[in-house]
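Architecture and fold: a report
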Amino acid sequence: MNYSRRRQKAVDLLTQLKLDALVLCHPENIRYLCGFTGSDGALIVSKEQLVFLTDSRYTTQARSEVVADKIDEYRVKGDGVIAVLTSLVVERIGFEVSLAVGVFNDLRDKGSSGWVWQHLHDEIQSLRLRKSADEIQLISTAAGLNLAGFTEIRPMLRPGVRETEISLALEFAMRKLGAEEKAFDIIVASGERGAMPHGVASDKLLAEGELVTIDFGCRCAGYHSDETVTLAVGDVSDELRRIYDTVLEAHDRALAAVAPGIALSELDRIARDYISTCGYAEYFGHGLGHGIGLEVHEGPVVSSRSKAVADVGMVFTVEPGIYVPGVGGVRIEDMVLVTAEGHRVLTKIPKTFQNILLR
Ligand code: ZN
Ligand code: ZN
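Residues numbered from 1 in each chain as written. Chains lettered and ligands numbered in written order. Predicted model: local features only at pLDDT ≥ 70, side-chain atom pairs only at ≥ 80, totals over all residues. Heavy atoms only, no water.

1. Structural notes on the side chain of T213
Tracing the sequence through the fold places T213 in strand 9 (residues 210-216). Separated by 3.1 Å, the side chains of T213 and T230 make a polar contact. When residues no more than four places from it in sequence are discounted, the contact partners of T213 are I187, V188, A189, T228, V229, T230, G329, V330 and R331. (Helix = DSSP H or I, 4+ residues; strand = E, 2+ residues; numbered from the N terminus. Polar contact = N/O pair within 3.5 Å; in protein donor to acceptor, adjacent residues only side chain to side chain. Contact = heavy atoms within 4.5 Å.)

Shown next, in the form of structure tokens:
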């Protein structure tokens, strides 16, 4: 990872926001800027210095991982941060909204009365919006493990198998193949449970005539994959097939439109309009997608409220769904990279309609 380039982006942000220092506590932002993979610490960035602070549990780990000018240990986080800010001689300080209230109160109450504090959130997130080649490589590797893991467990997808057996086998397969960890609790939702967009695997058995939605991903060197397949367990009703075809077409249309310059709200609109035309508007309740990288859900938001525009290097999901209570549901999800030429789909599992009993 090119930490000097990332540091330069943070320094440019300081200039842009007319700030003297940033105080970061969000683990993924810290990891992005200095390589620390632990869960607790603080990173202070000024134009001249990058200082990482943590407590005694993490000092040894930090010394082997962190790329910074200085690594220090604190007993109380607020006191440690104040000491660094004092030594840097700063006035205007940006801090993340995720900074614990107790720590912020410490900084404000015990720090210099001359310090001016500015809340930041989107500004810091924006540092991670456009992925570098090495980040794209890791996300692609994680996507490749999705395909390999899914291919391995696909033969077990049969009527009578329990949803939890599927999620467990999929997690095991991905980890055995080299994934660091599953990206999130794997969703396996079959039959009427498919109408729950976030139905984690249950005791329910797959049954013939149902659809099953499997939403899963893994993590490689901190970077995540996220993909959803919906499969038919034998022949399904005309209505379920119509729902599948509608979601697939909405997914394909939105994906085809991904290119630099398109508003992300427009991608959401393309998928939503098609679903509405087919009469399912009220059954597509969530946004079209989300950015992904060091976190499963990060910027940019891809929804009707999104203000962002697709830019080269962004990686986000396209995942329309239709969820009809009492009937079932379909979601189809891929991860896409915005490229200068348009886009590249990073996930690899084919999304054409598949009846798993026909193979
Ligand atoms: Zn997903
Ligand atoms: Zn997703």
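So much for the structure itself; the text now carries on.
2. A short note on the coordination of the zinc ion (ligand 1)
Protein-derived ligands of the zinc ion (ligand 1) are D215 (OD), D215 (OD), D226 (OD) and E333 (OE), with the metal-ligand distances lying across 2.0 to 2.6 Å. Viewed at the metal, the 4 donor atoms of the zinc ion (ligand 1) are separated by angles of 55 to 149°, and the geometry they form is irregular. In this structure the zinc ion (ligand 2) is found 3.1 Å away from the zinc ion (ligand 1), and D226 serves as a bridging donor for the pair. Of this pair, D215 sits in strand 9 while E333 sits in the loop between strand 17 (328-331) and strand 18 (334-339); the two residues are 118 residues apart in sequence, bridging distant segments of the chain. (Donors = N, O, S within 2.8 Å, 3.2 Å for Na, K, Ca; no water. Tetrahedral: all angles 85-135°; square planar, octahedral: opposite > 155°, others 65-115°.)

3. Overview of the sheet that holds strand 3 (residues 50-54)
Pairing is mixed across the open sheet formed by 6 strands, whose spatial order is 4-3-2-1-5-6. Of all the strands in the sheet, just strand 4 (70-73) and strand 6 (116-120) have a single pairing partner and so form its edges. Taking the axes of each pair of neighbouring strands and ignoring which way they run, one obtains an average angle of 20° across the sheet. Together, strand 1 (21-24), strand 2 (42-46), strand 3, strand 5 (92-96) and strand 6 form the strand contacts of helix 4 (residues 77-88), whose direction differs from that of strand 2 by roughly 15°. (Pairing = 2+ DSSP bridges. Axes fitted to C-alpha atoms, helices over the stretch in contact; angles between N-to-C directions.)

4. Topic: the packing of aromatic side chains
Counted by the stated rule, this structure contains 9 aromatic pairs. Between the aromatic rings of F36 and F52, the centroid separation amounts to 4.5 Å while the plane-to-plane angle is 45°, which identifies the pairing as tilted. On the criterion of sequence distance, the pair formed by F36 in the loop between helix 2 (27-34) and strand 2 and F52 in strand 3 is long-range, its members being 16 residues apart. Judged by relative accessible area, which is 0%, F52 ranks as buried. Ring plane angle 15° and centroid distance 4.3 Å describe the contact between F95 and F104, whose orientation is recorded as stacked. Across this residue pair, the class does not change: F95 and F104 are buried. Three or more aromatic residues joined by ring pairs form one cluster here, namely F95, F104, W115 and W117. (Phe/Tyr/Trp six-rings, centres within 6.5 Å; stacked < 30°, edge-to-face > 60°. Buried < 20%, exposed > 50% of the residue type's maximum accessible area, 1.4 Å probe, protein only.)

5. Description of the sheet that holds strand 9
As a general point, the strands of a sheet are linked pairwise by backbone hydrogen bonds and lie either parallel or antiparallel. Spatially, the 3 strands line up as an open sheet ordered 8-9-12, and their pairing is antiparallel. A strand with exactly one partner marks an edge of an open sheet, and here the two such strands are strand 8 (187-190) and strand 12 (227-233). Neighbour-to-neighbour, the strand axes of the sheet open up by a mean angle of 15°, direction not taken into account.

6. Here's the deal with the coordination of the zinc ion (ligand 2)
The protein atoms donating to the zinc ion (ligand 2) are D226 (OD), H290 (NE2), E319 (OE) and E333 (OE), with metal-donor distances spanning 2.1 to 2.2 Å. Each of the 4 donor atoms bound to the zinc ion (ligand 2) contributes to angles spanning 80 to 156°, and the resulting shape is irregular. Counting the intervening residues between successive donors of the zinc ion (ligand 2) yields the motif D-x63-H-x28-E-x13-E. Note on E333: relative accessible area 0%, which makes it buried.

7. Here we look at the nonpolar core
Inside soluble globular proteins, nonpolar side chains tend to come together where they are buried. With 36 residues, the main nonpolar core has L22, C34, F36, L43 and F52 as its most contacted residues. Of all the elements in the fold, those that place two or more residues in this core are helix 1 (3-17), strand 1, helix 2, strand 2, strand 3, helix 7 (133-153) and strand 18. Counting only domains with at least three residues in this core, you end up with domain 1 (3-128) and domain 2 (133-358). When near neighbours in sequence (up to four residues on either side) are disregarded, C34 contacts Y3, L43, L50, F52, E65, V66 and V67. Within the second largest apolar cluster, 34 residues are counted, among which are L211, L264, F316 and V336. (Core = buried A, V, L, I, M, F, W, Y, C linked by side-chain atoms within 4.5 Å. Domains from an automatic or database assignment.)

8. A look at the state of the cysteines
Under the definition given, this model contains 0 disulfides. The thiol of C220 is unpaired, and the distance to the nearest cysteine sulfur, on C218, comes to 4.7 Å. (Disulfide = S-S within 2.5 Å.)

9. Thoughts on the pattern of salt bridges
Counted by the stated rule, this structure contains 30 salt bridges. We note a salt bridge from E171 to R175, for which the minimum N-O separation is 3.9 Å. Taken together, the positions of E171 and R175, both in helix 8 (residues 163-176) and 4 residues apart, correspond to about one turn of that helix. In this structure, the salt-bridge partner of R175 is E181, at a minimum N-O distance of 3.5 Å. A cluster of three or more residues bridged by salt bridges with shared partners is formed by E171, R175, E181, K182 and D185. (Salt bridge = Lys/Arg side-chain N within 4 Å of Asp/Glu carboxyl O.)

10. Some words on the environment of V309
Structurally, V309 can be placed in the loop between strand 14 (298-302) and strand 15 (315-318). Taking C-alpha positions, V309 is 4.2 Å from A263, a pair spaced 46 residues apart along the chain. If near-sequence neighbours (up to four positions away) are discounted, V309 is found in contact with G261, I262, A263, L264 and M314.

11. Some words on helix 4
Since one α-helical turn is 3.6 residues long, residues separated by three or four positions face the same way. Taking 1.5 Å per residue as the helical rise, helix 4 with its 12 residues ought to reach 16 Å, and the 17 Å between its terminal C-alpha atoms agrees with that figure. Residues of helix 4 that are buried: K77, G78, G80, V81, I82, V84, L85 and L88. On the buried face of helix 4, the contacting elements are strand 1, strand 2, strand 3, strand 5, helix 5 (101-110) and strand 6. Positive backbone phi, at 55°, marks V89, one or two positions downstream of helix 4. (Expected span 1.5 Å × (residues − 1).)

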